[in-house]
Amino acid sequence: QVQLVESGGGPVQPGGSLRLSCAASGSIFSSNAMGWYRQAPGKQRELVATITSGGTTNYADSVKGRFTISRDNAKNRVYLQMNSLKPEDTAVYYCKANVRDLTLRAYDYWGQGTQVTVSS
């Protein structure tokens, strides 16, 4: 079994910054692509940013230049640095990871989500 646990969410004023962290633990052989998604009330879950094991990144247009995704392969962690936050960034942020377990099979796993609220 593999678990993903996010942390770092909370309330923040417009223009502020937050750093989200996601830790993968359990029967992990290796982590492949990892990423962040978000879901605002009444909206579908959407991609925010992804990063491959080799460090190639991809961002939603709405966050380019403001958010930075990074990872620590040795610790099976992925981070999301969010700067210049806007009210429209308010959402529950979910971590997703494609993990190869000790049977060498790869599966997608999701975290439980962390709330980010941008408001004055």
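To start, this report covers the structure provided alongside it.

The rules behind the values
- The numbers attached to residues start from 1 for each chain and follow its sequence in the written order.
- In view of the model being predicted, local features appear only for residues whose pLDDT reaches at least 70, and side-chain atom pairs are presented and counted only at 80 or more, with totals across whole chains, interfaces and linings using the full set of residues.
- Side-chain measures were taken over the full set of non-hydrogen atoms in the model, leaving aside hydrogen atoms and water.
- In plain terms, two cysteine sulfur atoms within 2.5 Å form what is called a disulfide here.
- The helix and strand labels rest on DSSP assignments: H or I over at least four residues marks a helix, E over at least two residues marks a strand, and numbering proceeds from the N terminus.
- Burial classes follow relative accessibility: with a 1.4 Å probe on protein chains only, a residue under 20% of its type's maximum area counts as buried, one over 50% as exposed, and anything between as partly exposed.
- We define the nonpolar core as a collection of buried residues of types Ala, Val, Leu, Ile, Met, Phe, Trp, Tyr and Cys that are connected through side-chain atoms lying within 4.5 Å of one another.
- Distance thresholds for patches are 9 Å for like charges and 5 Å for nonpolar side chains (Val, Leu, Ile, Met, Phe, Trp, Tyr), applied to residues having over 30% relative accessible area and no salt bridge.
- Each accessible area is a Shrake-Rupley estimate made with a 1.4 Å probe; only the visible protein chains count as cover when residues are assessed.
- The salt bridge criterion pairs a side-chain nitrogen of Lys or Arg with a carboxyl oxygen of Asp or Glu, the two atoms within 4 Å.
- Strand pairing is assigned whenever DSSP detects at least two bridges linking the two strands.
- As a rule, the C-alpha atoms of each element are fitted with a line to give its axis, helices using only the stretch in contact, and angles between N-to-C directions run from 0 to 180 degrees.

## Topic: the state of the cysteines
Stage number 1. Per the counting criterion, the structure on display carries 1 disulfide.
Stage number 2. Linked covalently through their sulfurs, Cys-22 and Cys-95 form a disulfide whose S-S length is 2.1 Å. Residues Cys-22 and Cys-95 are joined by a disulfide whose S-S torsion is about -80°; by sign, that bridge is left-handed. Residue Cys-22 is found in strand S3 (residues 18–26), and its partner Cys-95 is found in strand S9 (residues 91–101); the two are separated by 73 residues along the sequence. The pair Cys-22 / Cys-95 is uniform in exposure class, with both members buried.

## Some thoughts on the nonpolar core
As a rule of thumb, soluble globular proteins bury nonpolar side chains together.
Stage number 1. Counting residues in each nonpolar core, the largest one holds 31 residues, and the members touching the most others are Trp-36, Leu-80, Met-82 and Tyr-93.
Stage number 2. Mapped onto this core, the elements with two or more residues apiece are strand S1 (2–7), S3, strand S4 (28–39), strand S5 (46–51), strand S7 (67–72), strand S8 (77–82), S9 and strand S11 (114–118).
Stage number 3. Looking at which element gives the most residues to this core, the answer is S9, with 5 residues.

## Quick word on a nonpolar patch on the surface
Stage number 1. Residues Phe-29, Leu-102 and Leu-104 make up a contiguous nonpolar surface patch of roughly 340 Å² in combined accessible area.
Stage number 2. With respect to the helices and strands, the residue Leu-102 is situated in the loop between S9 and strand S10 (106–110).

## Some thoughts on the sheet that holds S8
Stage number 1. Spatial ordering of the open sheet is given by S1-S3-S8-S7, a layout of 4 strands whose pairing is antiparallel. Among the strands making up the open sheet, the edge pair consists of S1 and S7. Strand-to-strand twist across the sheet, computed as the mean angle between neighbouring axes with direction ignored, equals 15°.
Stage number 2. Where S1 and S3 come together, 6 bridges link them in antiparallel fashion. By the bridge assignment for S3, Val-2 is matched with Gly-26.

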